[in-house]
Amino acid sequence: MNTQKWHGHAIAWSVTATRRTAALMGCTALVLAVTGTPAQARSGEPARQTLAAGDGWASAGTGTTGGSAAKADRIHTVTTWAEFRAALAADGSAPKIIKVKGTIDANADGCDSFAAPGYDFDRYLADYDPAVWGYDQVVSGEQEDLRAASAANQDTAMKAYVPANTTIVGIGRDAGIKGASLQIKDVDNVIVRNLAFESPLDCFPQWDPTDGDTGNWNSEYDSAVVYGATHVWLDHNTFTDGDHPDSSLPTYYGRIYEQHDGELDIVKGADYVTASWNVFADHDKTILIGNSDSAATAAVDRGHLKVTLHHNLFTGLVERAPRVRFGQVDSYNNHFVADATYSYSFGIGMESQLVAEHNAFTLPDSVGTGKILKKWKEAPLTAADNYVNGVRTDLIAVHNAEIPAETLQSGAGWTPVLRTKVDPPRAVPGIVDHRAGAGKIC
C-alpha cells in the first residue's frame, strides 16, 4: 500500500496486523513493527534496553543506559510504595533495575495520615476567610503553621529519590505509581518506562490571598521532577490526574481548591533529556522546562535544559506542553489534541530556543490556531512543517495574524541533529495515538 498517499488506510492495516504479531511475539515487537524506532529495536527485555544512539538530547555524550548493566542481585521487583523506596535506597549508585508490578500508592492511608496534631481544615477556612483576613497580607498564625507542618509530613512520605544509573520499568500493561512525586535530582543516567503516573494530590494547599485580585490556592508536587539531573530517558509512560481531575475539586473562597501542580518539571540546570512515546492527558499545567526568569535561575539554567520531546500524545490539556525558558528544546512528531479548556501548547519564555517541527494538532472549531503558541518573552523559535487538522500550517504566521499584540520572531538559532526516524506529520496522529503511553511495552 502507498503510505504516502493512503496514510489512514495504511496505518489501520499496520496496527491490525502487528497486533496479531504482538500476541505471538510480545509488546516490544508491536512497537518495532509499527515504527521501526531504533530505541525499541534493542533485543532482550525492556528492563535491559538502553536509549538508541541519536535518539534526542539524552543520547548526547555518554548516552543513557540507566541500570541496564545491573547484576542479578541488583534487580528488584516491587509491589508496594515501601518496597519501591527501599529498592531505590539500596546499592548506592551501582547500576540497578527496579521493576514495578501493579499499581503502587504513596498515599494509600489517605491525607489524614499526614495531618499534624491540631490541624483543623474547617478552622483554617474560618481563620483565613477573606471576609475576616482580607486580601492584603499572606496568612499566618496557628492553623497556617499546622498546615505547613502537615505539608512537610506529606512531602517526606510521598517523594522518592532516584539514584544514578537506575532503570525503573513497569511490568506488563497495568503498572503504575499514584500519589507520589518521583525526584530525579542531581544524578546522571536514569531511565523511566512503561508506568502510569496518577498526579499526586497536595493534601494541604496553601491559601494566598495576595495571589491575584481575589487570592488563590497554591499546591506542590509534580508526578516527576528532573532537577539538575543529566541523561534522563522517559519513555512510554502515561501521566494523568486519574480519579481526581480538576473538575472534581471543590471551591473555597470562590477559588478552586487546587491540589495539582505539574506532570513533569525539568529544572535547575537539568540537561540531556529525551521524553518519547508518552501520554500527557487531562491536566492543567503540564510540562515546565525552566522554572523562573530570575537572574539566579538564569545563572544555573543558561546553556542547559537540552530536551527532546518526540512521539508524545498531549490530550485534554490546558497549557505548558511545554512552557520553556532558556533551553534548547526539540519537539517533533508529537500529537496535540485540544478541547474547550485549551489555553496553549508551546510557551515561549525567557531566552528559550524552541524548535517545533513535524507535529500534528487536532483542534476543535472553538480554538483558534493562533493559540498554539503563547509568547511570554521575546525569544525566536523555529516552527516548520506542522499540521493543524490535517493542513500544513505556518504556526508563527497564524499566531502573529490572530494575536498581533504577541508578535513572535522566527529562527531558534540551532538545528537539531539528534533524531532517529522522523514520521510525516500527517501520519503522526495514527501512529502516536496507538503506540504512545504505558502498557505498550512489556
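Up top you'll find the structure we're talking about.
Residues numbered from 1 in each chain as written. Predicted model: local features only at pLDDT ≥ 70, side-chain atom pairs only at ≥ 80, totals over all residues. Heavy atoms only, no water.

Visitor: Quick question: what am I supposed to make of the pattern of salt bridges here?
Guide: Two side chains carrying opposite charge are able to pair once their charged atoms lie near each other. Scanning the model with the defined rule gives 15 salt bridges in all. The salt bridge involving Asp-127 is made with Arg-123; its shortest N-O contact spans 2.9 Å. Placement of the pair is Asp-127 and Arg-123 together in helix H4 (residues 121–127), with a separation of four residues, close to one helical turn. Lys-421 is the salt-bridge partner of Asp-423, the closest N and O atoms lying 2.3 Å from each other. When its relative accessible area of 6% is taken as the criterion, Asp-423 is described as buried. Where salt bridges share partners, they join Asp-330, Glu-357 and Arg-419 into one cluster. (Salt bridge = Lys/Arg side-chain N within 4 Å of Asp/Glu carboxyl O. Helix = DSSP H or I, 4+ residues; strand = E, 2+ residues; numbered from the N terminus. Buried < 20%, exposed > 50% of the residue type's maximum accessible area, 1.4 Å probe, protein only.)

Visitor: What is the right way to look at the sheet that holds strand E3 (residues 159–161) in this model?
Guide: Sheet strands pair by backbone hydrogen bonding; their relative direction is either parallel or antiparallel. Ordered by their spatial adjacency, eight strands build an open sheet running E3-E5-E10-E15-E18-E21-E24-E27, and the pairing between neighbours is parallel. In the strand order of this sheet, the two ends are held by E3 and strand E27 (373–375), each with one partner. Relative to E27, strand E24 (residues 346–348) is paired through three bridges, and the arrangement is parallel. By the bridge assignment, Gly-347 is partnered in E27 with Lys-374. Along the sheet, helix H6 (residues 142–158) makes contact with E3 and strand E5 (181–185), crossing E3 at roughly 40°. (Pairing = 2+ DSSP bridges. Contact = heavy atoms within 4.5 Å. Axes fitted to C-alpha atoms, helices over the stretch in contact; angles between N-to-C directions.)

Visitor: So what exactly am I meant to see when it comes to the layout of surface pockets here?
Guide: Empty pockets left among the atoms are what a rolling probe the size of a water molecule brings to light. Reported here for the largest pocket is a volume of approximately 780 Å³. Around the largest pocket sit 32 residues that line it, and Ser-219, Glu-220, Asp-222, Asp-261 and Gly-262 are the ones nearest its centre. Of the residues belonging to the lining of the largest pocket, the class tally is seven nonpolar, eight polar and 17 charged. (1 Å grid on protein atoms, 1.4 Å probe; cavity = no way out; pocket = protein on both sides within 12 Å on 5 of 7 lines; lining within 4 Å. Points joined across faces, edges and corners; volume = space filled by probe spheres on them. Nonpolar A, V, L, I, M, F, W, Y, C, P; charged D, E, K, R; others polar.)

Visitor: What's the story with the side chain of Thr-369 in this structure? I'm lost.
Guide: The topology assignment puts Thr-369 in the loop between strand E26 (360–362) and E27. In this structure Thr-369 comes out as buried when scored by relative accessible area, which is 18%. Apart from residues lying up to four places away in sequence, Thr-369 is in contact with Leu-363, Val-388, Thr-393, Leu-395, Val-398 and Glu-402.

Note that all results are geometric; they support no functional claim without further evidence.
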